[in-house]
Amino acid sequence: MARLVANRRGFTLVELMMVVAIVAILAAMAIIGVRKYVSHAKTAEVTNALGQITKDVTSAYVRDQMAGSVLALHGSAQKSNQLCESGPAVPSSPTAIAGRKYQSRPVEWSNGWQCLRFAIQDPQYYRYEYVVTGTGADANDTFQVKGTGDLDGDGITSRFIFHGALVQDGSDIALVTGPNISETNPEE
């Protein structure tokens, strides 16, 4: 009776090396993808915050800001629209967010931030500023909402800025905002 001999052959060294090389390439691609995902997740904080601040600027501008004094009978008060005053940078030092998160205190969100009714309670990766040029009530006055950060702590900062301005529209003054956030080094 003839015995069938099973062909027992293992993997060669070349085949094993090719498998290891393929796994290494896939792992490298996964690491790059995860880093990009994490970076995009962190920059989502600043884009969302700047969008919310800009909405708050618009809401504060259209909110009636009349004097609170009692009006005489048949008296009237003039409605006035005005941008909120500038808000201080939070955190005040750029090094507080270099490669780490910062937990702000409620008192840091003062002046213009209170008028805007904006604050961040959660730890943040970015430093936020709200800057108004001019009185905030006249045509050609402008505002900027800024977010800066150094996600990896290497000294290179990312900068996000949203612009707006008061423009003359016939006899009225209108608030207009930029169509987009300008970004410099967004993934730094």
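All figures in this text were calculated on a predicted structure; none of them were measured in a lab. (Residues numbered from 1 in each chain as written. Predicted model: local features only at pLDDT ≥ 70, side-chain atom pairs only at ≥ 80, totals over all residues. Heavy atoms only, no water.)

S.K.: Help me understand the pattern of salt bridges in this model?
M.R.: It is possible for side chains bearing opposite charge to pair when their charged atoms get close. On inspection of all chains with the given rule, the structure shows one salt bridge. In this structure, Glu-129 and Arg-127 form a salt bridge, with 4.0 Å as the shortest nitrogen-oxygen distance. Given a relative accessible area of 15%, Arg-127 falls into the buried group. (Salt bridge = Lys/Arg side-chain N within 4 Å of Asp/Glu carboxyl O. Buried < 20%, exposed > 50% of the residue type's maximum accessible area, 1.4 Å probe, protein only.)

S.K.: Explanation requested: the state of the cysteines in the structure shown.
M.R.: Across all of its chains, the model carries one disulfide by this definition. Here Cys-84 pairs with Cys-115 through a disulfide, and the sulfurs are 2.0 Å apart. Across the S-S bond of Cys-84 and Cys-115 the torsion is about -65 degrees, and the bridge reads as left-handed. Highlighted residues: Cys-84 in the loop between helix H1 (13-62) and strand S1 (87-90) and Cys-115 in helix H2 (residues 112-116), separated in sequence by 31 residues. (Disulfide = S-S within 2.5 Å. Helix = DSSP H or I, 4+ residues; strand = E, 2+ residues; numbered from the N terminus.)

S.K.: Can you help me understand the side chain of Ser-158 in this one?
M.R.: Looking at the element boundaries, Ser-158 is found in strand S4 (residues 158-169). On the basis of relative accessibility, which here comes to 0%, the residue Ser-158 falls in the buried class. Apart from the residues within four sequence positions on either side, Ser-158 is in contact with Tyr-126, Gly-147, Thr-148, Gly-149, Thr-184, Asn-185, Pro-186 and Glu-188. (Contact = heavy atoms within 4.5 Å.)

S.K.: I would appreciate a short explanation of the packing of aromatic side chains in the present structure.
M.R.: Aromatic ring pairs are described here by two measures, namely the spacing of the ring centres and the angle between the planes. Counted according to the given criterion, the structure contains six aromatic pairs. An angle of 80 degrees between the planes, with centres 5.0 Å apart, marks the rings of Trp-109 and Trp-113 as edge-to-face. For the pair Trp-109 and Trp-113, one class covers both residues: buried. Between Tyr-126 and Phe-160, the aromatic rings sit 5.8 Å apart at their centres with planes inclined by 85 degrees, giving edge-to-face as the arrangement. On the criterion of sequence distance, the pair formed by Tyr-126 in the loop between H2 and strand S2 (127-133) and Phe-160 in strand S4 is long-range, its members being 34 residues apart. Judged by relative accessible area, which is 0%, Tyr-126 ranks as buried. (Phe/Tyr/Trp six-rings, centres within 6.5 Å; stacked < 30°, edge-to-face > 60°.)

S.K.: Could you clarify how one ought to interpret the pairing of strand S3 (residues 142-149) in this entry?
M.R.: Every regular strand shows the same layout, with side chains that alternate between the two sheet faces. As judged from the seven bridges shared by S2 and S3, these two strands associate in the antiparallel manner. Paired with Val-132 across the strands is Phe-143, a residue of S3. The pairing of S3 with S4 spans eight bridges and is antiparallel. Residue pairing in the sheet places Lys-146 in a bridge with Ile-161 of S4. (Pairing = 2+ DSSP bridges.)

S.K.: Where do I start with a nonpolar patch on the surface in this structure?
M.R.: On the surface, a cluster of nonpolar side chains totalling about 420 Å² of accessible area is made up of Ile-22, Ile-25, Leu-26 and Met-29. Examined against the element boundaries, Ile-22 turns out to sit in helix H1. (Patch = residues over 30% accessible without salt bridge, like charges linked within 9 Å, V, L, I, M, F, W, Y side chains within 5 Å. Areas by Shrake-Rupley, 256 points an atom, 1.4 Å probe, with all protein chains shown as cover.)

S.K.: Is there a simple way to explain the nonpolar core in this structure?
M.R.: Generally speaking, nonpolar side chains in soluble globular proteins are found buried as a group. Membership of the largest hydrophobic core comes to 28 residues, with the highest contact counts inside it found for Ile-53, Leu-83, Trp-113, Leu-116, Tyr-128 and Tyr-130. Where this core is concerned, the elements lending two or more residues are H1, H2, S2, S3 and S4. No other element matches the seven residues that H1 contributes to this core. (Core = buried A, V, L, I, M, F, W, Y, C linked by side-chain atoms within 4.5 Å.)

S.K.: Explanation requested: the environment of Ile-53 in the structure shown.
M.R.: Within the fold, Ile-53 resides in helix H1. For Ile-53, a relative accessible area of 0% corresponds to the buried category. Counting along the chain gives 60 residues from Ile-53 to Trp-113, while the straight-line C-alpha distance between them is 9.0 Å. Discounting chain neighbours no more than four positions away, the residues touching Ile-53 are Trp-113, Leu-116, Phe-118, Tyr-128 and Val-145.

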